[in-house]
Structures are given as C-alpha cells and as structure tokens.
Amino acid sequence: MTPIDDLRPMADAIRMLSVDAVQAASSGHPGMPMGMADVATVLFDRFLSFDPSCPDWPDRDRLVLSAGHGSMLLYAALWLSGYDGVELDHLRSFRQLGSPAAGHPEHGHLPGIETTTGPLGQGIANGVGMAIAERRLRETFGAEVCDHRTFVLAGDGCLMEGISQEAISLAGHLGLDRVIVLFDDNHISIDGPTELAVSDDQLARFAASNWHTLAVDGHDPLAIEAAIEAAIAADRPSIVACRTTIGFGSPNRAGTSGVHGAALGEDEVAATRRQLGWTAPPFEIPAPILDRWRRCGDSGRAARDEWEARVAALPEPTGGEFSDRLAGVEPTGVRGTLRELRRAVAEDASTQATRKSSEQVLAAITPEHPALLGGSADLSGSNLTMTPAHRPVRAGDFTGNYLHYGVREHAMAAAMNGIALHGGHLPYGGTFLVFADYSRPSLRLAAIMGLDVIHVMTHDSIGLGEDGTTHQPVEQLASLRVIPGLRVIRPADAVETVEAWEVALTRDSTPTVLCLSRQGLPMLRGDTGVDDPNRVAEGAYVLREPTGEREVTLLASGSEVSIAIAAAALLDAEGFAVAVVSMPCWELFARQSAPQQAAVLGDAPRVGVEAAVIGTWHRWLAPGDRFVGMEGFGESGPGPELYDHFGITPAAVAAEARAAMEHRRHQVTR
C-alpha cells in the first residue's frame, strides 16, 4: 500500500496518459479520467483485489466502467498496474483502427475489461448482475472460494438513463451489499452544467431504493479511502458520490463541458503539464511512480495463490461441481433428457402453445442444470418460465434459481449480461416479444460481446389476440434478425421448441431469443425419435416434400408453418407439387453451405408466410415470389379471427402460390 502522499503522482499518471492518448488520437474524452483519477488510484492501491498476471482469476473484484467514454482511465490503470496483455503501444494507438484500446471499452479486446460499455447506465445494471452471480455462487459453494465485490464507476449520464433506476431498485430490493457505485459527481454533461436538465437529489434517490449513501471530496485520497471502507462495511449496496472537477489539472478547461469529449490541444496539454508539475514526455511514466503502480497487484497475487489452494482442498463432488460451473460445463444428463422429452412430446402429439412446450423443457432440465438461472419481468405466469423445479431468489436467500425481476425489462436484460460475464451461470429471462424494444440495447451488447444468454419472448404474433395492437409484435422479428450475432428462433411446434432449447443451451458465445406462441399449435413432427437429428440446428429444413419435381415452395416460421402445411394440402388437391420449409432460425440457416441452402429452398417459386412485416424476407425470396404477412399493426380480437381478418390463411397462401407459379410461367414463356 502506497503512502497517502504518494497517491497524487500516481493519479497524475492516469491523467497524463489520458491526456496524451486523446491528444494523439485527436479524439476522445479526457475530462472523466482526469476528474476520477484520484478515486481510481485509491481503489486500485487500497481495495481492488486482482492479479494482473491472471486477469480472469474467478475470485477477483470486478471493476465496471459504466461511464465508458472515460475509457482511457481504465486503459491507463490496467497498463500502469501491469496487466498481462496490456501494452503501452495499445494506449498510443487509442481509438485507431485495429487497436484493442477502442473508443469505449470492449470486453475481450484487452484483459481487465469486464464488460462492454458506452451506452450509459448499462454498466450499473451489468454490475448488479455480477453481484447477483457472486452472491449466488457464494451461498452455493461458500465464501472460502467466492468472496469478491463489484465496483462500478458511473457518471451523471448513467444516473439520468432510465435503466439506472431499474437496476438500483432491483439491487436495493435484493440487498446486494457487494456492489459499490463510485459516482463521478462533476455536475457537467455534454451540453453544459447538469442543472440544465436535472435537479435530482441523487443520494436521496438511492436511499429511497435501500442503498447506503455517502458523499465525499473526489480529490481527497483520505476521504475517498474512508468512504470506500464505509461502503464495504455496509449491509446493503452503496453509492459514494465523489464530488470531482471534470478535467482536473487543465488550467483553462477544468470544470467545463469543453473538456468532456475533445482533445485539449497542444497548448492546453503543455499548460496541464505545468499545472500538475509533470515533466515526463508523452507516454512516459517516471520509474518511481510506475513502480508504485506495479505493486498494486502484489497482494492480489498472494490472494489468488491462497484461493487456488482452498479450491484444491474442496471435497468431492463439491470441488468438481465448482470447477465445472466456472468452466461452463453442461451437466452430462441434460442432452439425454431433452432427446427423451422430444420423443415424448412427439408421441403425445397434442396441440399446445410453444410457450407451454418451453415450460415442459424447463421443468425437465432445471433439476439437472444448477447453472441455469431463470427469471421474468413480472410475466412468469404468461411466459411460463417458472416451474415447480424453481425457487425464487430473495434478499437474504440466494440459494434459489429464479429471479423475479419485476417490470424492469431493460435492467433484466442488462443484469443477465452481467450474470453471464461473471461466470458460473447460464441466465434466461422472460417477457413478451413486443417488449423486446425495452431490452434492445442490452440485447445488442450481448451480441457484441458474444454472451450466452437466453431470452424467452412469448406472445409472438397477432395470435395472442385480445390484448390488441400495443401487445401484438409485427416488426420485432425483423428488427431482432438484423442484429448481427443474435440468434432468433421461432419454433413451429413442441418438437421444434425442445430442439430450440437444445440449441440455446449450447455455450457457443451467441445470445438467443426464443419467440414462442400464446396460442396452441398442432404437432407437425409426430414421427420424431430419440436419435433423430436436431432440425432446428439446421436453421431451416424441408418439412414436406412432394413426390414429383417442386412447382412451388412455401417458407414459414413458428405458428405459420401449420398454415403453410394446410395451404399445401389445398394445392396438392389441385394437382400442384408443393414443398413446405420450416425456417425456425435464419441465422443458423445462413451458416449452412450454399448447396445445403439450395437443396432446402429449391428452384421453384416461393411464398414466405409469417404473421409479421416482410422485413428481410427478400433474403429468401426472388423477384416474382410472394409474401403473406402483416403490412401494418394488429387489432384487438380473438386470435383466429385476426388471422382471417389480415388474410393470413391457407386459402390466401394458396392464392399467392398460384400467383407465384403463374409469374414464373410468364417469365419462362417471354
């Protein structure tokens, strides 16, 4: 631990690395790193438990930079403290193409970046998820092997974003005493003083949500140290409002919005050096200061060695279970259970909603899959995400396996990201598909980071019926499918639902959205056996192939596959050779080889069928092909009547198929 008087030069090292990197890039945000450098220095030197030689040590403290625009603070601290894999050249190439030191921190680009941040407020909710994961593992395996904290550096913008209220409310309700928010209370936003837009008493707001609150001079190391000690001792989550000066050290920009998001300029950089008494050239740190920084991780190395000894001493089977949980190893019986369930639902052949089929999956696998941590945004009885195998997580008892997130879709999705990032869990959460819009920023970040999270989104079409336009998703499928790296699965019956869950449970660094029906759907693959391949994993497959050469191919997903099957029967009676292709997951189908795709889609005219807007269906349809779906929003009324009202019927599909075939014949004869 560094003497208190020596902390200021260490903080100045963060300041000047940030100033120099932003100046070199002619782009960036120097104000926050300059203002929060004292807080970060105290945190790294006195409190943060980490081992720079093993950045992924599972029992490390997590440091989340929710104010991601201040990324140079994090990059500087990681390099100064000697993180393996973080090089000074990374800082020199800040914000440049190919540099891992991106404009905002991106998980996986550099060691020590716990999550991708930038969209403000996300990091707070990620941190809440990490604290949930830590607490649950601690209560399962003991404090001897899981005993760490989550620190979140947040700014005014983070607290203005609505997700912050959802997250702090959830954290306070659950009494997450291992999460500590260090608030950069600098009273400045991009437009100017924060009083232009906000006059909240932030500490009163947090206190109302059952948080422990403190206020401190963010440039007084002793006061910062005392505040963090008090936060650690608290029996609930804590926020420390650190009153700072944005751009601290800049003679002419400090305390102004001008230092928030722009390089200081050569003259002001030189003036800042003089103000701070910093004589070292750009990107050079005096040896005594660098040595103090490198000593910050010494205690962490010893702590990791002691932790590894305690883990090695765990009795079996606990030791093996703990290691498997951290490694994300799936219990051996889960796949067999899913295959047997698939056979059983195929034999049963009953008509049922795919949300009900999903509930059957969860009831079967939850007792065998302790890493699976479920939840819903106050829609458990509608999403059918909670089964008799679940017990709720409560304040004071985290041994349960189900989280009641409340009506907080955005925080739920972001907390799930934090749970997945922490490790030891595979989270899923439920809501209605139409409310994917509330979750979208977190879904996008899950895709950017490649996180194994599962979103169960039910009531996936106009088939939900009487709740009407506001609850009937028509554009959501299209908007989710265009997010790169997100896997959207819309199963057509109980068999496909079981297969969809088998895909979703695969730890392949891909978030999954399961789009499930409220209304009952007929069994389409009643002949499926235990050893048959998972057809959903193919993305799309031929469900019905005519005996002769195809004349038309009907493509559909989810509840409209049965409509396509009925339409094929009408056309078959007229003597047409009709194929039906089920397309539960476009993303998986797009990965198939060109010959495989061609074999499934065929050369005949095509008709796409989906109770949604056309969106990107043109990807699978050629000029002259047809689409049967929605052109606007829905209506309130019984689901079957709505399908008739909007013309999504077997007869309408058959008519469009005839038109597509006629168009092709006309093209051939021209």
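You'll find the structure just up there.
Residues numbered from 1 in each chain as written. Predicted model: local features only at pLDDT ≥ 70, side-chain atom pairs only at ≥ 80, totals over all residues. Heavy atoms only, no water.

Moving on: a negative patch on the surface. Taken together, the side chains of Glu466, Asp467, Glu641 and Asp644 define an acidic patch exposed on the protein surface. Residue Glu641 is classed as exposed on the basis of its relative accessible area, which comes to 52%. (Patch = residues over 30% accessible without salt bridge, like charges linked within 9 Å, V, L, I, M, F, W, Y side chains within 5 Å. Areas by Shrake-Rupley, 256 points an atom, 1.4 Å probe, with all protein chains shown as cover. Salt bridge = Lys/Arg side-chain N within 4 Å of Asp/Glu carboxyl O. Lys, Arg positive; Asp, Glu negative; His and termini not counted. Charge placed at Lys NZ, Arg CZ, Asp CG, Glu CD. Buried < 20%, exposed > 50% of the residue type's maximum accessible area, 1.4 Å probe, protein only.)

Let us look at empty space enclosed by the protein. If you walk through the whole model with that rule in mind, you get 5 cavities of 30 Å³ or more. Considered as a void within the structure, the largest cavity measures approximately 70 Å³ in volume. Contributing to the lining of the largest cavity are Phe44, Leu48, Phe50, Arg60, Asp61, Leu63, Leu74, Leu78, Tyr83, Gly112 and Glu114. Partitioned by chemical class, the residues of the lining of the largest cavity number 7 nonpolar, 1 polar and 3 charged. (1 Å grid on protein atoms, 1.4 Å probe; cavity = no way out; pocket = protein on both sides within 12 Å on 5 of 7 lines; lining within 4 Å. Points joined across faces, edges and corners; volume = space filled by probe spheres on them. Nonpolar A, V, L, I, M, F, W, Y, C, P; charged D, E, K, R; others polar.)

Before going further, it helps to spend a moment on the side chain of Arg408. Examined against the element boundaries, Arg408 turns out to sit in the loop between β9 (402-404) and α17 (409-422). This buried residue, Arg408, is left without a salt bridge; Glu166 holds the nearest opposite charge, at 6.2 Å. Residues in contact with Arg408, not counting those within four places in the same chain, are Glu166, Ser169, Leu170 and Ala377. (Helix = DSSP H or I, 4+ residues; strand = E, 2+ residues; numbered from the N terminus. Contact = heavy atoms within 4.5 Å.)

Strand order in the open sheet made by the 6 strands is β9-β8-β10-β11-β13-β12, with parallel pairing throughout. Among the strands making up the open sheet, the edge pair consists of β9 and β12 (487-489). The average angle at which neighbouring strand axes cross in this sheet is 20 degrees, direction not considered. Contacts from α17 reach β8 (372-376), β9, β10 (426-432) and β11 (454-458), with the element oriented near 165 degrees to β10. (Pairing = 2+ DSSP bridges. Axes fitted to C-alpha atoms, helices over the stretch in contact; angles between N-to-C directions.)

The next thing to look at is the environment of Ala262. With respect to the secondary-structure elements, Ala262 resides in the loop between β7 (238-243) and α10 (266-276). By relative accessible area, which is 31% here, Ala262 ends up partly exposed. Linking Ala262 and Gly31, residues 231 residues apart in sequence, is a C-alpha distance of 8.5 Å.

Quick look at helix α7 (residues 162-174) now. Taking 1.5 Å per residue, 13 residues should reach 18 Å; α7 reaches 19 Å between its end C-alpha atoms and fits that length. Considered for burial, the residues of α7 that qualify are Ile163, Ser164, Ala167, Ile168, Leu170, Ala171, Gly172 and Leu174. Against α5 (122-141), α6 (156-160), α8 (202-208), β9, α17 and α18 (436-449) lie the buried residues of α7. One or two steps after α7, the chain reaches Gly175, where phi turns positive at roughly 65 degrees. (Expected span 1.5 Å × (residues − 1).)

All right, on to the sheet that holds strand β18 (residues 626-628) then. Note on sheets: strands pair through backbone hydrogen bonds, and any given pair is parallel or antiparallel. Spatial strand order, β14-β16-β15-β17-β18: 5 strands in an open sheet with mixed pairing. Lying at the two open borders of the sheet, with one neighbouring strand each, are β14 (541-544) and β18. Put simply, the sheet's adjacent strands are angled 30 degrees from each other on average, direction ignored. Sheet topology places strand β15 (residues 552-556) next to strand β16 (residues 578-582); 5 bridges connect them, and they run parallel. In the strand pairing of β16, Ala556 is matched with Ser582. The sheet strands contacting helix α23 (residues 594-601) are β14, β15, β16 and β17 (606-609), and the helix crosses β14 at an angle near 20 degrees.

Our next topic: helix α13 (residues 318-327). All of the buried residues in α13 are Gly319, Phe322 and Arg325. The arc enclosing the buried residues of α13, seen along the axis, measures out at 130 degrees, which places them on a common side. In this fold, the buried residues of α13 make contact with α5 and α12 (298-312). (Arc of directions from axis to C-beta.)

The next subject is the pairing of β11. Within a regular strand, the side chains alternate between the two sheet faces. With 5 of 5 residues buried, β11 is to be regarded as a mostly interior element. Burial along β11 is two-sided: Ile454, Val456 and Thr458 and His455 and Met457, pointing in opposite directions, are all buried. The pairing of β10 with β11 spans 5 bridges and is parallel. Bridge pairing links Phe432 to Thr458 in β11. Following the chain from β10 across α18 to the adjacent parallel β11, one finds a crossover that is right-handed. Relative to strand β13 (residues 512-515), β11 runs parallel, the two sharing 4 bridges. (Right-handed = clockwise from strand over helix to strand, strands pointing away.)

Turning next to the packing of aromatic side chains. The full count for this structure, using the stated rule, is 15 aromatic pairs. Where Trp617 meets Phe627, the ring centres are 5.8 Å apart and the plane angle is 45 degrees; that geometry is what we call tilted. Of this pair, Trp617 sits in the loop between β17 and β18 while Phe627 sits in strand β18, placing them 10 residues apart in sequence. Each of the two residues, Trp617 as well as Phe627, counts as buried. A connected cluster of aromatic rings, assembled from ring pairs, spans Trp586, Phe589, Trp617, Trp620 and Phe627. The residue whose ring lies beneath Arg294 is Trp79, and the NZ or CZ to ring-centre distance is 5.2 Å. Over the aromatic face of Trp586 sits the side chain of Arg481, whose NZ or CZ is 3.8 Å from the ring centroid. (Phe/Tyr/Trp six-rings, centres within 6.5 Å; stacked < 30°, edge-to-face > 60°. Lys NZ or Arg CZ within 6 Å of the ring centre and 35° of its normal.)

Fair warning: the whole summary comes from geometry, so function is off the table for now.
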